[in-house]
Amino acid sequence: MTIPDAAPNPFRQFNPAQAPAPGEPPVFTFLLVKLASRCNINCTYCYWFRDAEVYKKPAVLTFDAEKAFCEKLEEHIKEFGLDYFMIVFHGGEPLLFPKRRFAELQERLIEIEERTGCMIERGVCTNGILIDEEWTALFIKYEISVSVSIDGPADINDQYRVDFKGRGTHADVLLGIEKLRAAGLEPGIISVCNPATDPARILAYIVDELGVTRFDILPPDATHEDNPPPIADYFIRLFDAWYDTYAARGVRISTLDAMIQGLMGDAAFSDTIGLGPVETVTLMSDGTLEPLDVLRIVGDASTKTDVSVMNDGLQGVQKDFRWRAAYEASLNLCQTCRDCEYMDACGGGQLAQRWSAERKFDNPSVYCDSWKRILGHIWARISPTLVVEYGGNSPAPAPQG
Ligand code: SF4
């Protein structure tokens, strides 16, 4: 089988070709910008509001923080001679940010591009509910890619993705997707799996009903303190449904791509799984810089730093012990993972999923048993189809696993 280039993933954090040498601090080329620290809905599994610190932040990015951020971004690009930078606008719900200010921010970023020659790629991750014709016009004018979160058909999506009165949001999300398409925009789709549901139904819904062929399905955020249900059966059935039916139709699921690439010996790194450093830096609405935002799941103030674009450059967050702890933990796997035959493909799983109160990040993923079953199953299915071209007439080496 042949796996061509991975499905586009606007939230990919690590480009192996740009990996720093060991011990060398990474130069940031990716930033999560929290345009809003509040949300218009109340998904029950959301990691963001598990950390009460978020309520101490301004509801939307302040004027002062925005101004300082643009200045520091330009200095950063010039200092390191960057020709590419990626920003993902995030929340809470980023579309709670005023449209006029959103347009002004894009104009500032374009001016930075013109002054520096650096391409600043931009995307937004939204629940889709606030999308209207004015937002779609802004996305088109400023060439902003859009990812929408939806977990499947209404009965599945609305189990967890609810508003503040507990009502399902599915119908409103669909309206948002329709408005994007009416404007000629094709959104990316991000789903969180519910292991109790049928993944074949999710695939049929996303591909056959929504008409989306490139998307991602993520395991629920959880740490060792949460004791989440296993995800092995779900992802094994997801893989089988994709492999047997949808792969030939050009359907690509980023998490499956990453696992296959890792099993085949390529660098595998996605938001879900894979081996590589976590270099994400997050701009909060008050201008502070924090580590990977999903680490909030660990607990109160778990990502809080005193580093701010008001005083520091973007690289300044690297002096904060929390950012360093996350970065170094992503490079230093626990002994169990280092001894694991799936280390290259799994990489210990997503960083937050390695957390326990007792051993911090020094654990395998809370989904370790599941990842082993899933990766073993995928390898058993794809390995008979592999043709290994090996130099000369020598026999091919034995496969992994
Ligand atoms: S499968 Fe488990 S032990 Fe192996 S790398 Fe992943 S988390 Fe670590």
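Higher on the page you've got the structure.
What about the overall build of the protein?
Stage number 1. Helix and strand content of the protein: 12 helices and nine strands.
Stage number 2. Taking the contacts inside the protein whose residues are at least 6 apart along the sequence as the reference set, 73% of them involve residues at least 24 apart.

Overview of the site of the ligand
Stage number 1. In the neighbourhood of the ligand, 13 residues make up the surrounding shell, with C337, C340, C346, P364 and C368 lying closest.
Stage number 2. Broken down by secondary-structure element, the contributors of at least two residues to the shell around the ligand are α10 (335-338), α11 (343-346) and α12 (368-382).
Stage number 3. The leading source of residues in the shell around the ligand is α12, at three residues.
Stage number 4. Residues that form the shell around the ligand fall into these classes: eight nonpolar, four polar and one charged.

What about helix α5 (residues 170-182)?
Along an α-helix, a turn takes 3.6 residues, which lines up residues three or four apart on a common side.
Stage number 1. Between its first and last C-alpha, α5 extends 18 Å over 13 residues, near the 18 Å set by a 1.5 Å rise per residue.
Stage number 2. All of the buried residues along α5 are V173, G176, I177 and L180. What you see down the axis of α5 is that its buried residues fit within an arc of 95°, all on one side. Exposed residues lying more than 90 degrees from the buried face of α5 are A171, E178 and A182.
Stage number 3. Residues of α5 that are buried in the fold lie against α3 (133-141) and β4 (145-149).

Some details on the packing of helix α7 (residues 232-246) against α12
Stage number 1. Two elements in contact, α7 and α12, have axes separated by 8 Å at closest approach and are oriented at 25°. Our classification of the angle between α7 and α12 gives roughly parallel. When the axes of α7 and α12 are compared, the crossing they make is right-handed. Each of A232, F235, I236, F239 and Y243 in α7 lies in contact with α12, whose residues at this interface are D369, S370, R373, I374, H377, I378 and R381.

Topic: the nonpolar core
Stage number 1. Grouped together as the largest cluster of nonpolar side chains are 92 residues, with contacts concentrated most on L31, M259, L283, W371, L375 and I378.
Stage number 2. Two domains each put at least three residues into this core: domain 1 (27-192 + 276-332) and domain 2 (222-270 + 333-385).

A short note on unusual backbone geometry
Stage number 1. That bond from G91 to G92 is cis: its omega, 20°, falls within 30 degrees of zero.
Stage number 2. A positive phi angle, close to 50°, is found at N227, a residue other than glycine.
Stage number 3. Summarising the element assignment, N227 is placed in the loop between β6 (214-218) and α7.
Stage number 4. Here N227 falls in the exposed class, since 8 other C-beta atoms lie within 10 Å of it.
Stage number 5. Unlike most non-glycine residues, K360 shows phi in positive territory, near 55°.
Stage number 6. By the secondary structure assignment, K360 is in the loop between α11 and α12.

Observations concerning helix α1 (residues 63-80)
Stage number 1. In this model, α1 (18 residues) spans 26 Å end to end at C-alpha, consistent with the 26 Å of a helix rising 1.5 Å per residue.
Stage number 2. Looking at the buried residues of α1, the elements they touch are β2 (84-90), α2 (99-116) and β8 (281-283).
Stage number 3. Once α1 ends, the next one or two residues include G81, with phi positive near 60°.

Comments concerning the packing of α1 against α2
Stage number 1. At a closest axis distance of 10 Å, the pairing of α1 and α2 adopts a crossing angle of 20°. The angle between α1 and α2 falls in the class roughly parallel. As α1 runs across α2, the sense of the crossing is right-handed. Two secondary-structure elements touch here, α1 through E66, C70, L73, E74, I77 and K78 and α2 through L105, R108, I112, R115 and T116.
Stage number 2. Here the residues of the contact of α1 with α2 sort into five nonpolar, one polar and five charged.

Some remarks on the pairing of β2
In regular strands, side chains alternate between the two faces of the sheet.
Stage number 1. Among the seven residues in β2, five count as buried, and that is most of the element.
Stage number 2. For strand β1 (residues 30-34) and β2, the ladder comprises five bridges, and the chain directions are parallel. Within β2, the position partnered with L32 by the bridge is V88.
Stage number 3. Where β2 and strand β3 (residues 119-126) come together, six bridges link them in parallel fashion. Each bridged residue has a counterpart across the sheet, and for M86 the counterpart in β3 is E121.

Description of the sheet that holds β2
Stage number 1. As summarised here, the arrangement of the nine strands in space is β7-β6-β5-β4-β3-β2-β1-β8-β9, forming an open sheet in which the pairing is mixed. With one partner strand each, in any of the chains shown, β7 (252-253) and β9 (289-290) form the two edges of the open sheet.
Stage number 2. Across two bridges, β6 lies against β7 in parallel orientation. Bridging from a neighbouring strand, F215 pairs with I253 of β7.

Criteria and cut-off values
- Residues numbered from 1 in each chain as written.
- Predicted model: local features only at pLDDT ≥ 70, side-chain atom pairs only at ≥ 80, totals over all residues.
- Helix = DSSP H or I, 4+ residues; strand = E, 2+ residues; numbered from the N terminus.
- Contact = placed C-beta atoms within 7 Å.
- Near = placed C-beta within 6 Å.
- Nonpolar A, V, L, I, M, F, W, Y, C, P; charged D, E, K, R; others polar.
- Expected span 1.5 Å × (residues − 1).
- Buried ≥ 20, exposed ≤ 12 C-beta atoms within 10 Å, placed from the backbone.
- Arc of directions from axis to C-beta.
- Axes fitted to C-alpha atoms, helices over the stretch in contact; angles between N-to-C directions.
- Parallel < 35°, antiparallel > 145°, perpendicular 65-115°, else oblique.
- Left-handed = near helix turned anticlockwise from the far one by under 90°.
- Core = buried A, V, L, I, M, F, W, Y, C linked by C-beta atoms within 7 Å.
- Domains from an automatic or database assignment.
- Pairing = 2+ DSSP bridges.

Take it as geometry only, folks, not as evidence of what the structure does.
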